[in-house]
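# Summary of structural features
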Amino acid sequence: MAKVKKLSPIAIGFILLLVFWQFAIFIGGHQSALFPPPLKVGEALLAIISDGSLFAHIQISLFRFFSGYLAAVIVAVILGLLLGRSMLVWKVVDPIVQVLRPVSPIAWSPFIVLWFGIGNMPAIVIIFIAAFFPVLLSTVSAVKKVDRTYLRIASNFEMSPFETLRKIVLPASFPMIANGLHMALGSAWIFLVAGEMVGAQSGLGFLIIDARNSLSLDLVMACIVVIGVLGLALDKGIHYFESWVNRIWGSAK
Amino acid sequence: MIDIRNVSKSYSEQGPTVLQDISFDIKKGEVIAILGKSGCGKSTLLNCIGGFEAVNNGQILLDEVSIRKPSKRCIMLMQNYGLLPWRSVRKNVELGIENISLSKQEISERTLHYLRMVGLEDRANALPSELSGGMQQRVAIARALAMQPEVILMDEPFGALDTFTRYYLQDELMQIQRREKMTIVLVTHDIDEAIYLADRILIMKPNPGEIHKEIVLRLPKERNRADADFQHYRELIFNEFQFTHETTIEFNI
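Residues numbered from 1 in each chain as written. Chains lettered and ligands numbered in written order. Predicted model: local features only at pLDDT ≥ 70, side-chain atom pairs only at ≥ 80, totals over all residues. Heavy atoms only, no water.

Across its full length, chain B carries seven helices and 10 strands. Against the 2.2 N^0.38 benchmark of 18 Å for 253 residues, chain B shows a C-alpha radius of gyration of 19 Å, consistent with a compact globule. Oriented by its inertia axes, the alpha-carbon framework of chain B measures out at about 65 × 45 × 30 Å. In chain B, which comprises 253 residues, the proportion classed as buried is 53%. In chain B, of all internal contacts separated by at least 6 residues, the share reaching a separation of at least 24 is 67%. Counting every atom, chain B has about 11900 Å² of accessible surface; 48% of that belongs to carbon and sulfur. (Helix = DSSP H or I, 4+ residues; strand = E, 2+ residues; numbered from the N terminus. Rg over C-alpha atoms; globule rule 2.2 N^0.38 Å. Buried < 20%, exposed > 50% of the residue type's maximum accessible area, 1.4 Å probe, protein only. Contact = heavy atoms within 4.5 Å. Areas by Shrake-Rupley, 256 points an atom, 1.4 Å probe, with all protein chains shown as cover.)

Next up, the structure:
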């Protein structure tokens, strides 16, 4: 019963959206080739599900996404831990980061294609850039905010700098880093499609470009729905991760 | 064992003198209480002994060697216990002895030994947030003891606890001190606590922070708060504070 209660507002929301969508087509009298109605999109979706091509595209997209995202997380967290610990270096690096951060990853695409060729790499690199800065910045600010008591304990217990990072700084800043991971996940997922429009021959982004080129807008819309639903699923996934973090860390203070 | 010679400290050149010309020595196995109102520099003095802060003039020697940075020989118990919230009670106690050459078995034996000493062996797997304040302080004491330091520095160790827990922990601390024979330097503003625990009380007065009076307690180790001698010392110390209070009032007029 509780589950139904929780799900029903979600269901109502989606039903309202579908009704609105259909209604807009009725009122506007749009041609279905230009603005595909829900049913046609559903048909297109069923078609790519039943011939299995959708899953192949999802698989390759998720592979690229996680390669880029996880690489960005690992590099950004390690760099963030080191930079956050040394104020002097961060003062030098911070302006550079602030200049690079607002540049859309897509702007780099000409260079990315030149340097990394086509195939999986351009999408992975673009996702990497999209995820890198949010994680780096949240890690640095998390490290700066680590309770000084913990650092006093580390020096009192004569921990080496590496031990201090591993046993004190990383776990103490972990909740805030997890927050950054969440933000980065969203922005990286947004850039998946853009990344796959650059020189890829597979994946959800490619599927959209391909469908556009053959003017099947119902398929474009179906891809948009899939990307949205997958994004929602990823977000829910990281929510579980965050609530695990909160269970251990959140009850601390 | 610890020799404090003509120590002075101020935080900036023009700033107020926090500590002025402080000299005393601490013998091995002694319990010293530094008693004073807030702002008299007693915590700063303790931080200097622990090596957390540098002194401007004078020297603090531990076994004839000047203290320059925190070390495992002097463990500081923090005001807010300083337990790592993401580590279980057992892992918190192990924190200080993980990086010395002990086998896994020796580490867990020693951890259990000291957890048993503070009566928390059945809570070894709990997280600090699941324990009461008094229990957290006992974990912090066990963690300090497990490192087998020569000196334990305590900054208002029982300040945040209710009276009954405080009395109970004071008793427990004294029993452990008699068994382990470690040296304790304790900072407090609680006159009763100082008389109950210490062999010697140093009364500090503020602006500039200096030692106003030293009182050697000629009481048996087993103390009774209702004792006539106890009352005598309480009155003695109380008068010291009355005295300093009056002078400041005169000064204001």
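From this point, things continue past the structure.
A few words on the sheet that holds strand β8 (residues 183-188) of chain B. All names here are of chain B. The six strands lie next to each other as β6-β7-β8-β3-β9-β10, forming an open sheet whose pairing is mixed. Of all strands in the sheet, those bounded by a partner on one side alone are β6 (74-77) and β10 (210-216). Going from strand to strand, the sheet's axes swing by 20° on average, the running direction of each strand aside. Two elements, β6 and strand β7 (residues 151-155), share four bridges in a ladder whose sense is parallel. Considered in β7, the bridge of C74 is made with V151. Relative to β6, helix α4 (residues 133-146) is tilted by about 175°, and along the sheet it contacts β6 and β7. (Pairing = 2+ DSSP bridges. Axes fitted to C-alpha atoms, helices over the stretch in contact; angles between N-to-C directions.)

Take the UniProt feature "transmembrane region" (unreviewed entry) in chain A next. Residues and elements named next belong to chain A. As annotated in UniProt, the feature "transmembrane region" (unreviewed entry) corresponds to residues 7-29, 62-84, 188-208 and 215-234 in the numbering used here. The span residues 62-84 carries 100% helix and 0% strand; its end-to-end C-alpha distance comes to 31 Å. The span residues 215-234 shows a helical share of 90% and a strand share of 0%, and its end C-alpha atoms are spaced 30 Å apart. (UniProt positions renumbered as here; feature names shortened; annotations may be inferred.)

With that out of the way, let us pick up the interface of chain A and chain B. Between chain A and chain B, the contact holds 18 residues from the first and 24 residues from the second. Summing the contributions of chain A and of chain B, the shared interface buries around 1900 Å²; its carbon and sulfur component is 62%. Contact with chain B buries surface across chain A, with R152, N156 and F157 of chain A losing the most and accounting together for 35% of the total. Linking chain A with chain B are one salt bridge. Taken together, the links from chain A to chain B amount to eight residue pairs in polar contact (both at pLDDT 80 or more). Looking at the side of chain A that touches chain B, the elements that each hand over two or more residues are α7 (148-156), α8 (161-196) and α10 (217-249) of chain A. Here the side of chain A that touches chain B gets six residues from one element, more than from any other, and that element is α7 of chain A. (Buried area = accessible area lost by both parts, 1.4 Å probe. Salt bridge = Lys/Arg side-chain N within 4 Å of Asp/Glu carboxyl O. Polar contact = N/O pair within 3.5 Å; in protein donor to acceptor, adjacent residues only side chain to side chain.)

Here the focus is the environment of D199 of chain B. All names here are of chain B. As for its placement among the helices and strands, D199 is situated in the loop between α6 (191-197) and β9 (200-205). Separated by 168 residues in the primary sequence, D199 and V31 have C-alpha atoms spaced 5.3 Å apart. Residue contacts for D199: discarding those within four places in its chain leaves G29, E30, V31, I215, V216, L217, K221 and R223.

Attention now moves to the sheet that holds strand β4 (residues 57-62) of chain B. All names here are of chain B. With antiparallel pairing, four strands are arranged side by side in an open sheet as β2-β1-β4-β5. If you trace the sheet from one side to the other, it starts and ends with β2 (17-26) and β5 (65-66), each paired once. As defined by bridge partners, β4 adjoins β5 across two bridges and the pair is classed as antiparallel. Of the residues in β5, the one forming a bridge with L62 is V65. This element, helix α1 (residues 42-50), spans β1 (2-10), β2 and β4 of the sheet and lies at about 55° to β2.

Take the packing of helix α3 (residues 53-85) of chain A against helix α4 (residues 87-100) of chain A next. Residue and element names in this part refer to chain A. Between α3 and α4, the least distance of the axes is 5 Å, while the angle of their chain directions is 115°. In this structure, α3 uses L83, G84 and R85 to contact α4, whose residues at the interface are M87, V89, W90 and V93. For the contact of α3 with α4, the per-class residue count stands at five nonpolar, one polar and one charged. (Nonpolar A, V, L, I, M, F, W, Y, C, P; charged D, E, K, R; others polar.)

Here we take up empty space enclosed by the protein. To find the voids left in a structure, one rolls a probe of water-molecule size over its atoms. Going through the model one piece at a time under the given rule, you end up with one cavity of 30 Å³ or more. For the largest cavity, the full set of lining residues is I153 and F157 of chain A together with I75, M76, L77, M78, Y81, A140, R143 and A144 of chain B. Elements that contribute at least two residues to the lining of the largest cavity include exactly β6 and α4 of chain B. Tallied by class, the residues present in the lining of the largest cavity amount to nine nonpolar, no polar and one charged. (1 Å grid on protein atoms, 1.4 Å probe; cavity = no way out; pocket = protein on both sides within 12 Å on 5 of 7 lines; lining within 4 Å. Points joined across faces, edges and corners; volume = space filled by probe spheres on them.)

Okay, the nonpolar core next. In terms of nonpolar packing, the biggest core is built from 150 residues, with F65 and Y69 of chain A together with I4, I49, I195, I201 and I237 of chain B touching the most fellow members. Residues in contact with I195 of chain B, not counting those within four places in the same chain, are I201, L217, L219, R223, F230, Y233, R234 and I237 of chain B. (Core = buried A, V, L, I, M, F, W, Y, C linked by side-chain atoms within 4.5 Å.)

Let's shift gears to the pattern of salt bridges. A full pass over the atoms with the stated rule returns 16 salt bridges over all chains. Note that R64 of chain A is salt-bridged to E196 of chain A, the shortest N-O span being 2.8 Å. One end of the pair, R64 of chain A, is in helix α3; the other, E196 of chain A, is in helix α8, and 132 residues separate them in sequence. When the shortest N-O distance is used, the salt bridge between D63 of chain B and R73 of chain B registers 2.7 Å. Highlighted residues: D63 of chain B in the loop between β4 and β5 and R73 of chain B in the loop between β5 and β6, separated in sequence by 10 residues. Because the salt bridges share partners, they merge into one network encompassing E163 and K167 of chain A together with R87 and E98 of chain B.

A separate point is the UniProt feature "domain: ABC transmembrane type-1" (unreviewed entry) in chain A. UniProt records the feature "domain: ABC transmembrane type-1" (unreviewed entry) at residues 58-238 of chain A, using the numbering of this structure. Overall, residues 58-238 of chain A shows 84% helix and 0% strand. The separation of its end C-alpha atoms is 19 Å.

As a further point, take unusual backbone geometry. Residues and elements named next belong to chain B. The omega angle of the peptide bond from N207 to P208 is -10°, so this bond is cis rather than trans. When you line up the elements, P208 lands in the loop between β9 and β10. A positive phi angle is found at Q148, which is not glycine, with a value near 45°. For Q148, a relative accessible area of 45% translates into the label partly exposed. Positive phi outside glycine occurs at K181, with the angle close to 60°. Within the secondary structure, K181 is located in the loop between α5 (163-180) and β8. We classify K181 as exposed; its relative accessible area is 56%.

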